[in-house]
Amino acid sequence: MLTKYLTGVTTAFSPFNARSGKTVRNFLALLPPNARSTMAIDVKMFGQSEALKPATLTLKFKDGKEMQLDLEKMKIKDIQVEVDRHSRILRRKDELSG
């Protein structure tokens with residue numbers, strides 16, 4: 001997953017929700033070890049009483065685009081495809097501009 005062009009990750013999830021909680025945890029695990037120094041990461045975890053609350057994942061890119069992903073419908077592979085698709089566009093723009 002190309003994380004070079006990510007500038008921010010904001011997520012809120014319940015670790016007690018098996019489906020969306022696992023997806024968010026897997027996404028956060030895919031971030032490189034130096035991610036906290038290169039991007040803003042904000043993680044909010046819901047309590048057990050809010051386990052049914054839908055999880056959110058918002059990604060910000062260097063070009064200003066903000067993606068809000070629906071974690072109830074998407075799995076980790078779908079999220080990787082979306083991030084890589086936009087990151088490849090930004091990489092292509094960088095290569096063309098110099």
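Scroll up to find the structure.
Bear in mind that the values here come from a model prediction, so they are computed numbers and not experimental data.

(A) Molecular detail of the overall build of the chain. Counting secondary structure elements, the chain contains three helices and four strands. Taken over C-alpha atoms, the radius of gyration comes to 14 Å for the chain, in line with the 13 Å a tight globule of 98 residues would show. The buried share of the chain, taken over its 98 residues, is 39%. Long-range contacts, defined here as pairs at least 24 residues apart, represent 71% of the contacts in the chain between residues at least 6 apart. Of the roughly 6100 Å² of accessible surface on the chain, a fraction of 51% belongs to carbon and sulfur atoms. If you average the places of the 18 positive and of the 11 negative side-chain charges in the chain, the two averages end up 3 Å apart.

(B) The packing of helix α1 (residues 18-30) against helix α3 (residues 76-97), seen in detail. Between α1 and α3, the least distance of the axes is 9 Å, while the angle of their chain directions is 45°. Here α3 runs oblique to α1, going by the angle between their axes. As for how α1 packs across α3, the hand of that crossing is right-handed. Contacts between α1 and α3 involve T23, N26, F27 and L30 from the first element and I76, I79, Q80 and V83 from the second. For the contact of α1 with α3, the residue count by class is five nonpolar, three polar and no charged.

Parameters and conventions
- Residues numbered from 1 in each chain as written.
- Predicted model: local features only at pLDDT ≥ 70, side-chain atom pairs only at ≥ 80, totals over all residues.
- Heavy atoms only, no water.
- Helix = DSSP H or I, 4+ residues; strand = E, 2+ residues; numbered from the N terminus.
- Rg over C-alpha atoms; globule rule 2.2 N^0.38 Å.
- Buried < 20%, exposed > 50% of the residue type's maximum accessible area, 1.4 Å probe, protein only.
- Contact = heavy atoms within 4.5 Å.
- Areas by Shrake-Rupley, 256 points an atom, 1.4 Å probe, with all protein chains shown as cover.
- Lys, Arg positive; Asp, Glu negative; His and termini not counted.
- Charge placed at Lys NZ, Arg CZ, Asp CG, Glu CD.
- Axes fitted to C-alpha atoms, helices over the stretch in contact; angles between N-to-C directions.
- Parallel < 35°, antiparallel > 145°, perpendicular 65-115°, else oblique.
- Left-handed = near helix turned anticlockwise from the far one by under 90°.
- Nonpolar A, V, L, I, M, F, W, Y, C, P; charged D, E, K, R; others polar.

In short, geometric facts, not functional conclusions.
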